[in-house]
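Take a look at the letters that make up each chain.
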Amino acid sequence: MKASEADILIIPGYTNSGPGHWQSRWQAKLSTARRVEQAEWSKPVREDWVRRVVEEVEAAEKPVVIVAHSLGVATAIHAVPTVGHKIVGAFLVAPPDVANPAIRPKHLMTFGPYPRDPLPFPSLMVASRNDSFGSFEHAEDIANAWGSLLVDAGQSGHINTESGHGPWPEGGMVFAQFLGRLKV
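Report follows, based on the coordinates. Keep in mind that this is a model prediction, so the values were computed, not measured.

With that settled, consider unusual backbone geometry. Look at the link from G112 to P113: it is a cis peptide, with omega at -10°. You can see P113 is positioned in the loop between β4 (87-93) and β5 (123-127). Positive phi, normally seen in glycine, also occurs at S70, with a value near 55°. Structurally, S70 can be placed in the loop between β3 (64-69) and α3 (71-83).

Structure (structure tokens):
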């Protein structure tokens, strides 16, 4: 599949992805990409965030490919039972452990626990071994449950601007390969 054959939904996490974040950069480069905007980025409400993803997937005119980061992963996964039939693939990056009571801010726990049903479409998860929002073992566990291919990003932090992943060309190459394997 080519990027032009899909509606690519960028689903940021808590507080959105700023202009230097790889999601924002990819959105600017991919002509069929659009961001799922949330009314309240700093006080996420699971039902509201999931509803926005459902609305955007339902509005899509082409097969949907999800590109989710952090809390956007939890949001996307909770939308799957409603709109999974319209999604052809998901690129999931740095999933937070939303069931961990040590997570901050605390209201992010309202997005947990993750459903553990296998995803009805191909998915690839990129996880770091030193992400302060979720352990690699947690990512490994949910990737296994969902049937996602897990890519070990090594010591990469939360794979965001703060961890040095502004343009993130390595991620772009992995995404391009993933997209190329999807069927229309």
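This brings us to the sheet that holds strand β2 (residues 33-35). Pairing in this open sheet of 6 strands is parallel, and the strands run β2-β1-β3-β4-β5-β6 from one edge to the other. Among the strands making up the open sheet, the edge pair consists of β2 and β6 (149-152). The sheet shows a mean angle of 20° between the axes of neighbouring strands, taken without regard to direction. Where β4 and β5 come together, 4 bridges link them in parallel fashion. Of the residues in β5, the one forming a bridge with V93 is V126. Each of β1 (7-11), β3, β4, β5 and β6 touches helix α5 (residues 169-181); the most contacted strand, β4, lies at about 160° to it.

Under the counting rule described, the total for this entry stands at 11 aromatic pairs. With a centroid separation of 5.8 Å and 75° between ring planes, the pair formed by W49 and F111 is classed as edge-to-face. One end of the pair, W49, is in helix α2 (residues 46-59); the other, F111, is in the loop between β4 and β5, with 62 residues separating them in the sequence. Geometrically, the ring pair formed by F91 and F175 is edge-to-face, given 5.2 Å between the ring centres and 70° between the ring planes. Of the two residues, F91 sits in strand β4 while F175 sits in helix α5, which places them 84 residues apart along the sequence. An identical accessibility class is assigned to F91 and F175; each is buried. An aromatic cluster is defined as three or more aromatic residues linked by ring pairs; in this entry it consists of W22, W26, F91, W168, F175 and F178. A cation over a ring is seen here: R129 above F136, with NZ or CZ 3.9 Å from the ring centre.

Take the nonpolar core next. Membership of the largest hydrophobic core comes to 39 residues, with the highest contact counts inside it found for I66, L92 and W146. Only β1, α2, β3, α3, β4, β5 and α4 (136-146) provide two or more residues apiece to this core. Residue contacts for L92: discarding those within four places in its chain leaves A68, V73, I77, L119, S123, L124, M125, V126, W146 and S148. Membership of the second largest hydrophobic core comes to 21 residues, among which are W26, F175, F178 and L182.

With that settled, consider the environment of G112. In this fold, G112 is placed in the loop between β4 and β5. Remark: the alpha-carbon pair of G112 and F133, spanning 21 residues in sequence, is separated by 13 Å. Every residue in contact with G112, bar those within four places of it in the chain, is listed here: R46 and V98.

Here we come to the pairing of β3. Buried residues dominate β3, accounting for 6 of its 6 residues. Sheet analysis places β3 next to β4, joined by 6 bridges and oriented parallel. Among the inter-strand pairings, I66 is bridged to a residue of β4, identified as A90. After leaving β3, the chain enters α3 and then returns to the sheet as β4, a path that is right-handed.

Here the focus is the side chain of S148. Within the fold, S148 resides in the loop between α4 and β6. Judged by its relative accessible area of 10%, S148 falls in the buried class. Apart from the residues lying within four places of it in its own chain, the contact partners of S148 are L92, L119, S123, M125 and A143.

What counts as what
Numbering of residues starts from 1 in each chain and follows the order in which that chain's sequence is written. For a predicted model such as this one, the threshold for reporting local features is a pLDDT of at least 70, and the threshold for listing and counting side-chain atom pairs is 80 or more; totals across whole chains, interfaces and linings nevertheless cover every residue. As a rule here, side-chain values cover all heavy atoms of the structure and leave hydrogens and water aside. Counting from the N terminus, the helices are DSSP H or I runs at least four residues long and the strands are E runs at least two residues long. For two strands to be treated as a pair, DSSP must find no fewer than two bridges joining them. Here, axes are lines fitted to C-alpha atoms. For helices the fit covers the stretch in contact, and angles between N-to-C directions go from 0 to 180 degrees. Contacts between residues were defined by any pair of non-hydrogen atoms, one from each residue, lying within 4.5 Å. The rule is short: rings of Phe, Tyr and Trp, with Trp giving its six-membered ring, pair when the centres are within 6.5 Å, and they are stacked under 30 degrees, edge-to-face over 60, tilted in between. Type-normalised accessible area, obtained with a 1.4 Å probe on protein chains alone, sets the label of each residue: buried when under 20%, exposed when over 50%, and partly exposed for intermediate values. When the NZ atom of lysine or the CZ atom of arginine is within 6 Å of a ring's centre and also within 35 degrees of its normal, the charge is said to sit over that ring. Residues enter a nonpolar core if they are buried and are Ala, Val, Leu, Ile, Met, Phe, Trp, Tyr or Cys, with the set joined through side-chain atoms within 4.5 Å. We call a crossover right-handed when, viewed with the strands running away from us, the connection from the first strand over the helix to the second turns clockwise.

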